[in-house]
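Structural characterization, general
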Amino acid sequence: MNKTIGTTELAIALGLSEEEFNLIKDKLGREPNEFETYLFSAQWSEHCGYKHSKSLLKKLPVNIEDENAGYIKIDENAIVFKVESHNHPSAVEPYQGAATGIGGIVRDVLAMGARPIALLDSLRFGDLKDPISKNIFEGVVHGISGYGNSIGVPTVAGETYFNKTYSTNPLVNVMCVGIAKESELTYSKAKEHNKYFVYFGAKTGRDGIHGASFASKELSGKDDRPSVQVGDPFSEKNLIEATLEVLKIPGVLASQDMGAAGLLSSSSEMAYKGNLGFELYLDQVPIREENMKPWEMMLSESQERMLFLIEPGTEKQIKKIADKYFLEMSVIGKTTYERNMKAYFNREELCNLSLEHLVNAPNLVIKAETPNYFYVHRARKNPNITKHPKMIFSELLKHPNIASKEWVYKQYDYKVGNSTVITPGNADASVIWIKGSDKGIAMTIDGNGPMTFLNPYEGSRNIVFEAARNLVSVGATPKGVTDNMNFGNPEQLEVVWQFEQSIKGISSACRELETPVTGGNVSFYNESGDSAIYPTPVIGMVGEVKNINNIMTMDFKFPSDLVYLVGKTTINRDYLGGSLYQEIAGDFIGGEVDKVRTLFELGLHKSILKIIEENIANAVHDVSKGGIAIALAEMAIKGQKGFKGLVGENNEEFFGENQSRFIVTVPSENKEVFLQTMSKMKMEYKKIGRVLPEEYGFDCGFGKVDMEEMKKYYYDSIPNAMED
Amino acid sequence: MPKIKAGVIVFPGSNCDRDAGFALEKIGFDYDYIWHDFEKVLDYDFLFLPGGFSYGDYLRAGALAKFSPVMKNVEKFIENERGLVLGVCNGFQILTESGILKGALSQNEKMKFICDDVDVEIKNRKSPFTKYIEKETLEIPIAHMDGNFKIEEKDYKELKNNDQIVFEYKDNPNGSYKNIAGIMNDKKNVLGMMPHPERNAVKLLGNGDGASILLSIRRFLENE
């Protein structure tokens, strides 16, 4: 290729806009060469450059800037966690897309020097009746199972949701939680010049080249497969153990995983953060394919690779560890005082770029515009659904969005690591024990597409509070948040508005909860053809369990326990927007989304935590999708107990979704102390029924339903759909 | 009395090694981790081959681990009746692949990984691994892709006649022949089982049933 004439076309072909390319030329004062054009195309992709999101992301209340992953503290421990999306790769190659999604987020946590101890996944697919969606669903779950199980990190919680908006663009968001002593954390910032960059891990191949720019465009519908990386869980497992050993060596100064835009972004970001520059010797990169071009080595997203910055002289110690775990190790560069990036291949200089120019992708600010749909949907009145509640009840129970996800999580090793105290499906959050202490970590991941579609601001606030309620219901105090923003094309005004509103909503809720956003991920361009997904922010939240021996699950425990609704005790019919029953039974999405009243909500959390702490309750469950009737049904099914009570008289009361509600069961001998606590906390409550033996059946006000029938609906729905 | 000395064999790709260490400590063993390239005599009373995906399990589960240097010494340890050996999950697969135990472990009948808690019945109550267990049925977690035990009929009869079948599933999760969940060698100093006793060794992580197996091993080694 002719270097001076061809670079413009090359830049455009690689996804840079003409304006961006002109900007690059202005900054450099010259035309970039071919190699440099490749670097800019990757570093300035939306995925690496956060062009459309960085000004808004600054609104989030953070507690740590620009690290591989953020953390919260529990005693002397740092609980490191982060969520990341692998939506586009999973659409094209479901197994590898999901598998490498896990690999990447595990390495982000690992790079901090933390041992990965739990995985959570938030998955969204199209309608389960659609064979393509089913195929993607099966492949993604299989990929998580294949990779996650093998690396020995338990997959302990998650959510799976089906809606046709995700048909060709599934959402695969994976969150990893790790643990380290806070004093032993490693950071990614290079602090001094003349330190060595060490390549560590698997060899570099051509897989995943342009993965970053691939993630930053809509799927073409043609063959996008070469952009998907391939994972090797055996290397990852070795990399985990090896990295934890390497980071203990005092001469190892900084680390980062080679994620999006591989070697390029890891090296440039490490140096840039330390106000330094660097040199790379690309002939030293371990490769597994012949004749790889230097730019391919820079952009390759081959998996299972880390970049360390080390004190010269520690190479031997690191090499020994690499050999022990069958990994490659090579000194490939050094930091420099001058803030430039220089790359060489066999001493030939390939580039000399100011890091300032390379790393700082332009900040694109598009003024948001409130779309019409927002007003139109908001004004729609609740549908008049005349179906009998009993019918709606069974439709909901067997709907894949409510039915048991056992088919999914039984394929995941959720117990490896020997510390999963609350396993999937038994409570609103999972709990991992911090061994050697009485403490635990509660974790959850949650989103609600229809709700954030109808009202991105209130909907986003709601999912943050919903995640917090998940943690509270097991007896944990919410401590920190990671967010995965899944949105459409950020060049569209409507999407900009959704994104802006959502960020504002998450920010305000996190401030009110005092849970910092420790890190996260933005995924744009989630659309295929003309169909955009629901704007879907996903919230991962981590909380502290003060006493691991005193945690709560949702299953009904003993017949004759009293059942209370705590929190908002009267349904607000004007705020049922996004309720699942309206969509399923009335084919309706619209209306006003409920709003959280902060002081009431925080008081509710305190009340629930108090009754758990003082052993007043036997079961706690937060009321969400499907409303009170479904929440009670889940408690009955899990506990293999019956229920009799009266929760309302109409569909809105049975199935309507409002915020700020919990169901609590109390043994009759604790009734008085429960009532006293509620009045002391000034919290609203209402008695709604009693736990009964399973043989009695389930009756919450619309007639008795047989428990066996309910279990069949609940447990058989997804396996049946998958066997069809 | 000095503590019983246990060695947890760690292959690259093992991922239940630290879980085994945790459980052994809780049950009162002294323990070391032994890396797969260990070539000296195994001076231990008890060896634990943990679960995981040794060498990635890319050929067949457990197929590559049998070539590791440490396995030669494990074989000598067994031959010389130096102590007891327990292989769990991938450890069981390694034991069948290396011919120490009969049979083979193939992919689960439904072709999917299964993580669950299962009930296993103790079929041999005299073995060193079960002698001191009072319960007749234990609830123990499983987590495997290849746990479907297969064996030739004549070998099965031999196992049966010689009381080498130690555990059977109550509700067969993976298609194993005759519900077999765990077997011994003919010397009865090696037990291989798919369920993970180390994952249910303390009450917080289950009902504690897994502890009874490790406790039985400890008491046997202390007393006999």
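Residues numbered from 1 in each chain as written. Chains lettered and ligands numbered in written order. Predicted model: local features only at pLDDT ≥ 70, side-chain atom pairs only at ≥ 80, totals over all residues.

Points about the overall build of chain A
Condition: Secondary structure follows DSSP: runs of H or I at least 4 residues long count as helices, runs of E at least 2 residues long count as strands, and numbering of each begins at the N terminus. Our radius of gyration is a C-alpha quantity, and the globule rule it is checked against amounts to 2.2 Å times the number of residues to the power 0.38. To sort residues by burial, count the other C-beta atoms lying within 10 Å of each one's C-beta; a count of 20 or more means buried, 12 or fewer means exposed, and anything in between means partly exposed. C-beta atoms are built from the backbone. Once C-beta atoms have been placed from the backbone, residue pairs whose C-beta atoms lie within 7 Å are recorded as contacts.
Scanning chain A for helices and strands turns up 26 helices and 26 strands. Whereas a compact globule of 724 residues would reach a radius of gyration of roughly 27 Å, chain A reaches 26 Å, a difference of no more than 12%. Viewed in the frame of its principal axes, chain A has a C-alpha envelope of about 80 × 55 × 45 Å. Of all 724 residues assigned to chain A, the portion counted as buried reaches 62%. Considering only contacts within chain A whose residues lie at least 6 apart along the sequence, 85% involve residues at least 24 apart.

Focus on the interface of chain A and chain B
Contacts between the two partners involve 22 residues from chain A and, on the opposite side, 21 residues from chain B. Where the side of chain A that touches chain B is concerned, the elements lending two or more residues are α8 (131-150) and α10 (233-246) of chain A.

Some thoughts on the sheet that holds strand β2 (residues 30-35) of chain B
Two modes of strand pairing occur in sheets, parallel and antiparallel, and in both the strands are linked by backbone hydrogen bonds. Residues and elements named next belong to chain B. Using the following cut-off: The rule for pairing is simple: two strands pair if DSSP sees at least two bridges between them. Here an angle of 0 to 180 degrees is reported between the N-to-C directions of two axes, which are lines fitted to C-alpha atoms, with helices fitted over the stretch in contact.
Taken together, 9 strands build an open sheet; the order of strands is β2-β1-β3-β4-β11-β10-β9-β6-β7 and the sheet is mixed. The sheet is open, and its two edges are formed by β2 and β7 (137-144), each paired on a single side. Here the strands of the sheet are splayed against their neighbours by 25 degrees on average, with no regard to which way each runs.

Focus: the UniProt feature "domain: PurM-like C-terminal" (unreviewed entry) in chain A
The condition is simple: UniProt positions are given in the numbering used here, feature names are shortened, and annotations may be inferred rather than shown by experiment.
The feature "domain: PurM-like C-terminal" (unreviewed entry), as given by UniProt, occupies residues 204-343 and 561-695 of chain A in the numbering adopted here. Counted over residues 561-695 of chain A, helix gives 38% and strand 21%. Its end C-alpha atoms are 16 Å apart.

Thoughts on the UniProt feature "binding site: substrate" (unreviewed entry) in chain A
Residues and elements named next belong to chain A. Residues annotated in UniProt with the feature "binding site: substrate" (unreviewed entry) correspond here to S85, H86, N87, H88, R107, Q229, E301, S302, Q303 and S523. The topology assignment puts S85 in strand β2 (residues 77-85). Look at S85 and you get buried, because 27 C-beta atoms sit within 10 Å. Discounting chain neighbours no more than four positions away, the residues touching S85 are L171, V172, N173, N484, N486, N521 and S523. Looking at the element boundaries, H88 is found in helix α6 (residues 87-92).

Things to note about the UniProt feature "active site" (unreviewed entry) in chain B
Residues and elements named next belong to chain B. The UniProt record annotates "active site" (unreviewed entry) at C89, H196 and E198. A stretch of 110 residues holds the annotated residues, and the largest C-alpha distance among them is 11.0 Å, short enough that they meet in one place. Structurally, the position occupied by C89 is in the loop between β4 (84-88) and α3 (90-97). Residues in contact with C89, not counting those within four places in the same chain, are C16, G51, H144, M194 and H196. Mapping E198 onto the fold places it in the loop between β11 (190-193) and α5 (209-223).

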